Amino acid sequence: MLDNIGIIIGITLMYATPLIYTALGGVISENSGVVNIGLEGMMTLGAFVGAAVGYYMGNPWIAFLAAGAAGGLLALCHAIASVTFNAQQVVSGIAINFIGPGLAMFLSRLFFKGATMTKAIDINHKIPKPLDPIFEGLSLQDSFLAQIFNQYATVYIAFLLVFAMWFVMYKTRFGMRLRAVGEHPRAADTLGINVYRIRYICVILSGVFAGLGGAAMSLAVVSLFSPTLISGQGFIALAAMIFGNWKPQGAMGACLLFGAAQGLVVFLGGTSIRVPSQLLSMLPYLITLIVLAVFVGRSRMPKADGIPYEKGGG
Amino acid sequence: MQHIDFKSKVVEMKNITKVFGNVTANDQIHLTVHKGEVHALLGENGAGKSTLMNILYGLYRPTRGEIYINGKKTDIATPNIAIQQGIGMVHQHFMLVEPFTVVENIVLGRETTNFGGVLDMKKATEDVISLSEQYGLYVDPNAKVEDITVGMQQRVEILKALYRGADILILDEPTAVLTPQEIRELIEIIRNLTKEGKTIILITHKLKEIKQVADYCTIIRRGRHIDTVDVSAVTEEELAAKMVGREVSFDIEKKEKERGKVVLQIEGLTVKDNRGIEAVKGLSLEVYEGEILGVAGIDGNGQSELIEAITGLRPIEAGRVKMNGKDITHCKPKEIIDSKISTIPEDRQKRGLVLDFSVAENMVLENYAKEPFSKKGILNHGEISQFSKELIQTFDIRPKEETLKARILSGGNQQKAIIAREITNDPDLLITAQPTRGLDIGAIEYVHRALVEQRDKNRAVLLVSLELDEIMNVSDRIAVIYEGSIVGIVDAKEADENRLGLMMAGGGAEE
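What you see is a predicted model; the values in this text were computed from it and never measured.

A. Quick peek at a negative patch on the surface. Among the surface-exposed residues, Glu237, Glu238, Glu247 and Asp251 of chain B lie close enough to one another that they form a single negatively charged patch. Summarising the element assignment, Asp251 of chain B is placed in the loop between helix H8 (236–244) and strand E11 (262–272).

Shown next, in the form of C-alpha cells:
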C-alpha cells in the first residue's frame, strides 16, 4: 500500500514536471500581457529537438538547452506577430500550434530516415537521476522514499524554477515592470518602460520554458519523441496557469493536480483494475475541464492580457 | 500670485503646430508659463489642449514649432526626456496599475534596488512617506490602488510626478472625476505645490475652478491660440465667450410655471448595489408634470441604483414605483419604456448608444420593432434612415451623416443623439443622469435648454447630477439624496449652495 502511494506520488512529480515548465512559460508571457496558447506547439517542438539532439549528441544537457532554444525561436515568431504587428494573439497562437508539431515531424522525417518517431536515446544519455548513487549507496533504490524523492534532475530544476520565477516576478525590478506592462501598458510606457522590449523578452522566455517542458518529457519521462507524445499537455499547462491564477506557485499547484491525474492513469493501467485505457487516459483532460469550469470565474487575469499595445493615441 | 517668479520662464512653447493626417489639431499656438504659476489651459473638448500638453510631455512630436524649458531649446521626443526636464503629467484617465500598491505605482520605472535588481521596497516606502509629508499629500503607502478612492488615486499620480523630480506639473482635467470635497482638497494641494516652487499647468473647461485657482489662463479654440489673460481681471462670462467664440448664457431662461399632477411616485424604495448592500433605503419621491426635479448628492449615495431600479435594470427589494398611477414596480425595461418613461443614461457610451451601430440604427434602438421601422420582423432601412435624417436636422447632430458609427461622434454629439431619440419618444417622464458630464459649455447649454423645453411642454423631468451648479441652475425643486434616502427637498428659488452642500454631506451641522 505504502509502496503504491509512493509510486503514485513519484509518477505525479514526474508527469507534473513538463507541465510546470510549460505553465511557467504561460505565466511569464501572460503576465506581460501576451496570451500564449501556442505553448502546445512550442512544447512539441522542444520535445522533438530534445530527443533528436539527445540522440545525436549523447549529452542530455545540451539537448535540454537546445530544446529551450527551439521553443524560444518559435516563440519569437509569436512575439513578432503579436507584439510588433499587433496580431490577434489567439490566432497567432493557433498558427504556432500547427507550425510546432508540423516542423517537429518534418525534421524528424529528415533526420530519422522518414520516421515520425525519433530513435530512443540510450539510457545513459537521458537526463540523469542525480540522487541515484545516494539511494543505491543506502540500498534503498526501490523503497518508498526512492519512489518519491529519487527523480530525474529536470524535476528538481522545475521546482527551483518555480521559486526563481516567483522571486523574479514579485521581488525584482524586472518582475514589477513585467507585471505593470501586463496590467496597464500605457502607464508603464509613460514612465519610460519599454513595453515592446519587455513583452518580447517574456514571450521568448515562455517559449524557452515550453521547450524545456517538452524536453522534460522526451529526455526524462520517456526517451524519444513521437507525434503523440505531447498531445494536449501544452493546453493542460495553459489551463494550469489559469487555474493557478496566473501565478507561478499557483500554476505549480495546478500542475501537480493534473500530474496526479496522469499518475493515476499510469498507475491504474498497470494494475489489475479493468478500466479501458482509452477511458482512463481521458482523466487528466476531464479534470482540466471540470477545474476550469468551476474555478476560472474566480481567478483574476492581468488586465491587458491579450490586448496588443499600440503607442500613441489618447 | 505671490509665488510667481516673472523673471524665470519655465515653459515657452512657440508656434506649435501639430497636424494629424489632414486635421490641424494645433495651429501656431504659443504658451508661456512662469515659475510658481498656476496656468490654466482653457478650451472646449477637441480644441487642442490635450494635444498641446501631450507635445510638451513628449507623447507627440510637434509638426512645427519650438519648445524652451527654463530658457533652453529642448527637443522632447519621449516622455523620458520630459521627465528629465522636470515635467510631470497627471493624465485624465489615471495611469495607475490597479493591483499594485501605492508605493509600487509611485516608484515604477524608477525603482530603488539592491544588488541584482532586487527591489528595496522598505527604502521606497520611506521615500514616498517623506515626499507625501513634504507636500501634504497624504496617502496610505501600502494600500492597493484598486482599493482607494479616486481622489486618493489622483494624489498617487501627483506623487508619482513629484517622485520623478517634476517641477512643472501638467494636470489634465483633474476635477472631472472628483467629488466637491475632493475638489476643494485638490485646490489646497495645488496651492501647497506652488508654495514649494512648483509650476502647474491645468487643462480644464471648468471656469469656476480657473477663477478659484489659476493665475493666468490661455484660451484655445479650434486649435488656435485665442488669448492669454490674467484670471483676476476677467469674469467667467468673458472666459466662456472667448472659449466658445460667442456669448454664452449660464442662466437658463425659465418661465414661471405651475406644476401639474403627479407623474412618478416612488414609495419606500429599497435597492441593493452590486455587492449586495442596500444602496437605496426606503426612498420616497414624487415627480410632477411640468417640473424639473433635481436630485443632488455626492457620488455613490444610491443615485445610479435609484435610476436603474426605476428603469427596470436592477431588481427592487422593497417598495413601489408608480407611473401615471400605474404600478410598474417589477416591470421589464421594455414595459417601462412603453409606460412613457424615457432615460438619458449616466454612461452614454455604455448604456445610451451601441457605439458600433450607425447613428441611424441607434435612433431606433427602442422602436425598431414597431412600424414603420420594421414589418413582420424585417427592418425597413429606408424609413429608419429617413427618420434619422430628420432627427439629425432637428437636433443639429454633427456630422450630418446617419450612416456613421456612433463611436465617431464627439461626446456632445453622442449626447445630442440620445436626447433626440429619447425626446422624440414623447415621454411623460424624462429621466436624465449626469447629462452634461464631460461636455463643453456649448453642449451643456444645449442640454439644459432641451431639459427646460421638456418641462415647458408639461413633461416631468427627473435630473440626477453630481454637479450642484447644474442642479441649482436647471431644477424647479431640489431633492438631496444621502446614503440612499432623500434627506430633504427644497424649492430651487430658495436653495442655498452651502445648505445643500451640508445636506449632501449628511447634514453634519458643525461645518
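Having seen it, we continue.
B. Representation of the sheet that holds strand E14 (residues 318–323) of chain B. All names here are of chain B. The strand order across the open sheet formed by 4 strands is E12-E11-E14-E15, and the pairing between neighbours is antiparallel. Of all the strands in the sheet, just strand E12 (278–288) and strand E15 (326–327) have a single pairing partner and so form its edges. Pairing of E11 with E14, which is carried by 5 bridges, proceeds in the antiparallel orientation. Following the sheet pairing, Ile266 is matched in E14 by Val321. Strands E11, E12 and E14 of the sheet are contacted by helix H9 (residues 303–310), whose axis makes an angle of about 120 degrees with E11.

C. Examining empty space enclosed by the protein more closely. This model, assessed by the stated rule, comprises 4 cavities of 30 Å³ or more. Of the volumes computed, that of the largest cavity is approximately 110 Å³. The wall of the largest cavity is formed by 14 residues, among which Leu191 of chain A together with Tyr57, Met89, Lys160 and Ala161 of chain B lie closest to the centre. Contributing elements (two or more residues each) for the lining of the largest cavity: strand E6 (87–90) and helix H5 (150–163) of chain B. For the lining of the largest cavity, the residue count by class is 8 nonpolar, 3 polar and 3 charged. By volume, the second largest cavity is sized at about 70 Å³. Per-element tally for the lining of the second largest cavity: the top contributor is H9 of chain B, with 3 residues. Here the residues of the lining of the second largest cavity sort into 4 nonpolar, 3 polar and 2 charged.

D. Layout of the domain arrangement of chain B. Residue and element names in this part refer to chain B. When cut into domains, chain B gives domain 1 (9–244) and domain 2 (262–340 + 427–504). Taking only C-alpha atoms into account, the centre of domain 1 sits 35 Å from that of domain 2. On the domain 2 side, the residues contacting the 10 residues of domain 1 number 9 residues. Where domain 1 abuts domain 2, roughly 770 Å² becomes buried across the two surfaces, and 56% of that area is made up of carbon and sulfur atoms. Inspection of the region where domain 1 meets domain 2 yields 3 salt bridges. Notably, a salt bridge pairs Asp469 with Lys208, separated by 3.3 Å at the nearest N-O pair. At the surface where domain 1 touches domain 2, the tally comes to 1 residue pair in polar contact (both at pLDDT 80 or more). With 3 residues, the top contributor of residues to the side of domain 1 that touches domain 2 is H8. Along the lines of polarity and charge, the residues of the side of domain 1 that touches domain 2 split into 4 nonpolar, 3 polar and 3 charged.

E. A look at the sheet that holds strand E21 (residues 477–482) of chain B. Residue and element names in this part refer to chain B. Spatial ordering of the open sheet is given by E16-E19-E20-E13-E21-E22, a layout of 6 strands whose pairing is mixed. Sheet topology places strand E16 (341–344) and strand E22 (485–491) at the edges, where each strand pairs with a single neighbour. Here the strands of the sheet are splayed against their neighbours by 20 degrees on average, with no regard to which way each runs. Pairing between strand E19 (residues 429–433) and strand E20 (residues 460–465): 5 bridges, direction parallel.

F. Fine view of the side chain of Ser32 of chain A. All names here are of chain A. Among the structural elements, Ser32 can be located in the loop between helix H1 (2–31) and helix H2 (39–57). Judged by relative accessible area, Ser32 falls into the buried class, the value being 0%. With residues near it in sequence (within four places) discarded, Ser32 still touches Leu178, Val181, Gly182, Arg199 and Cys202.

G. Seen up close, the packing of aromatic side chains. All names here are of chain A. Applying the stated criterion to the full structure yields 13 aromatic pairs over all chains. Between the aromatic rings of Tyr56 and Phe111, the centroid separation amounts to 6.5 Å while the plane-to-plane angle is 65 degrees, which identifies the pairing as edge-to-face. Note that Tyr56 is positioned in helix H2 and Phe111 in helix H4 (residues 89–111), a separation of 55 residues in sequence. Of the residues examined, Phe111 reaches a relative accessible area of 45% and is grouped as partly exposed. Ring geometry for Tyr56 and Phe112: centres 5.5 Å apart, planes at 40 degrees, overall tilted.

Rules used throughout
Residues numbered from 1 in each chain as written. Chains lettered and ligands numbered in written order. Predicted model: local features only at pLDDT ≥ 70, side-chain atom pairs only at ≥ 80, totals over all residues. Heavy atoms only, no water. Patch = residues over 30% accessible without salt bridge, like charges linked within 9 Å, V, L, I, M, F, W, Y side chains within 5 Å. Areas by Shrake-Rupley, 256 points an atom, 1.4 Å probe, with all protein chains shown as cover. Salt bridge = Lys/Arg side-chain N within 4 Å of Asp/Glu carboxyl O. Lys, Arg positive; Asp, Glu negative; His and termini not counted. Charge placed at Lys NZ, Arg CZ, Asp CG, Glu CD. Helix = DSSP H or I, 4+ residues; strand = E, 2+ residues; numbered from the N terminus. Pairing = 2+ DSSP bridges. Contact = heavy atoms within 4.5 Å. Axes fitted to C-alpha atoms, helices over the stretch in contact; angles between N-to-C directions. 1 Å grid on protein atoms, 1.4 Å probe; cavity = no way out; pocket = protein on both sides within 12 Å on 5 of 7 lines; lining within 4 Å. Points joined across faces, edges and corners; volume = space filled by probe spheres on them. Nonpolar A, V, L, I, M, F, W, Y, C, P; charged D, E, K, R; others polar. Domains from an automatic or database assignment. Buried area = accessible area lost by both parts, 1.4 Å probe. Polar contact = N/O pair within 3.5 Å; in protein donor to acceptor, adjacent residues only side chain to side chain. Buried < 20%, exposed > 50% of the residue type's maximum accessible area, 1.4 Å probe, protein only. Phe/Tyr/Trp six-rings, centres within 6.5 Å; stacked < 30°, edge-to-face > 60°.

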